[in-house]
Each structure stands twice: as structure tokens, then as C-alpha cells.
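# Chain and residue survey
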Amino acid sequence: SSISYSNTNFTVNQGQSLQIAAPQIQGTTPITFALQSSPNAGSNITIQANSGAITVRNSTSPQTYTLSVTATNRAGSTSFDNIMTIEVQTVAGVSY
């Protein structure tokens, strides 16, 4: 099995959301996906179980997250560790 997202490094400003398209994957379908993030982003970074598309919510705290994805089908599961990095940047306040 293999998995490939179109990009593996993303930067987003705090307060903005990000949609990451479903990956290209080799393997027997149907495939379900699970996501782990380090540090744990909880429900702020999620994966669509049936497609592998990833959502970063606008409430995600500023820091750098390393994502791992597990793909599961009838043959078993494969983990793709440290497959993606998402940096949520602090936005400096505007002063006049």
C-alpha cells in the first residue's frame, strides 16, 4: 500500500481554516482512514474516514503539527507516520 497527498507541508495563519484534498492511494477498496497528530490537535485537525481528505479548523492553536495517517481495508491496516506537517502561525496584531 502507498499513499500520496499533493503536498506534505502546509502553513496557515491562526484563525484560518485549511482543506487538504484526498490522497492518491494504492490498495484494495474500500479503505478507511484515521488520523493522529503530534501534538494532539483533537477535533481541530480531522480526516474524512471515507476519503482521507484533511480539515484544519480555524480554531487550531498556533504551533507545528506532524500528522500520521492509518489506512485500513479488509487486508489489514498500514500506518504512514509523519506523512505531513502543518504549521499554524500566530498573526501579529495590527497597530496604527
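Here the structure is a predicted model, which is why all the values come from computation and not from measurement.

This part takes up the nonpolar core. Counting 22 residues, the largest nonpolar core has Tyr5, Ile20, Ile54, Met84 and Ile86 as the members making the most contacts within it. Of all the secondary structure elements, the ones that give two or more residues to this core are β2 (9-13), β3 (18-20), β6 (45-47), β7 (54-56), β8 (63-73) and β9 (76-89). The element best represented in this core is β9, accounting for five residues. When sequence neighbours within four positions are dropped, the list of residues in contact with isoleucine 54 reads Tyr5, Leu18, Gln19, Ile20, Leu35, Ile45, Thr46, Ile47, Leu67 and Met84.

Along the chain, isoleucine 45 falls in strand β6. Placed 14 residues apart in sequence, isoleucine 45 and serine 59 show a C-alpha to C-alpha distance of 9.5 Å. For isoleucine 45, the residues in contact, after removing those within four places along its chain, are Leu35, Ile54, Thr55, Val56, Thr60, Tyr65 and Leu67.

Below, the discussion takes up the side chain of asparagine 73. Note on placement: asparagine 73 falls in strand β8. Given the relative accessible area of 15%, asparagine 73 is considered buried. Side-chain polar atoms of asparagine 73 contact the backbone nitrogen of alanine 75, separated by 2.9 Å. Beyond its immediate sequence surroundings of up to four residues, asparagine 73 is in contact with Gly27, Thr28, Pro30 and Ile31.

With that out of the way, let us pick up the side chain of threonine 60. Tracing the backbone shows threonine 60 in the loop between β7 and β8. A relative accessible area of 3% places threonine 60 in the buried class. Within the structure, threonine 60 has its side chain in polar contact with the backbone oxygen of asparagine 44 (distance 3.3 Å). There is a polar contact of 2.8 Å between the side chain of threonine 60 and the backbone oxygen of arginine 57. Leaving out residues up to four positions away in the same chain, threonine 60 has contacts with Asn44, Ile45, Tyr65 and Val88.

Cut-off values and rules
- Just so you know, the residues in each chain are numbered from 1, in the order the chain's sequence is written.
- Totals for whole chains, interfaces and linings use all residues, but because this is a predicted model, local features are given only for residues with pLDDT of at least 70 and pairs of side-chain atoms are given and counted only at 80 or more.
- Hydrogens and water are ignored here; the side-chain numbers use all heavy atoms of the structure.
- What makes a nonpolar core is a set of buried Ala, Val, Leu, Ile, Met, Phe, Trp, Tyr and Cys residues whose side-chain atoms join them at distances within 4.5 Å.
- Relative accessibility decides the category of a residue: with a 1.4 Å probe and only protein chains considered, values under 20% of the type maximum give buried, values over 50% give exposed, and everything between is partly exposed.
- A run of H or I in DSSP counts as a helix once it spans at least four residues, and a run of E counts as a strand once it spans at least two, with each numbered from the N terminus.
- Contact definition: two residues touch when any of their heavy atoms are within 4.5 Å.
- Pairs of N or O atoms within 3.5 Å make up the polar contacts considered here, provided that, within protein, one atom can donate a hydrogen while the other can accept it, and that residues adjacent in sequence are counted only when both atoms are side-chain atoms.

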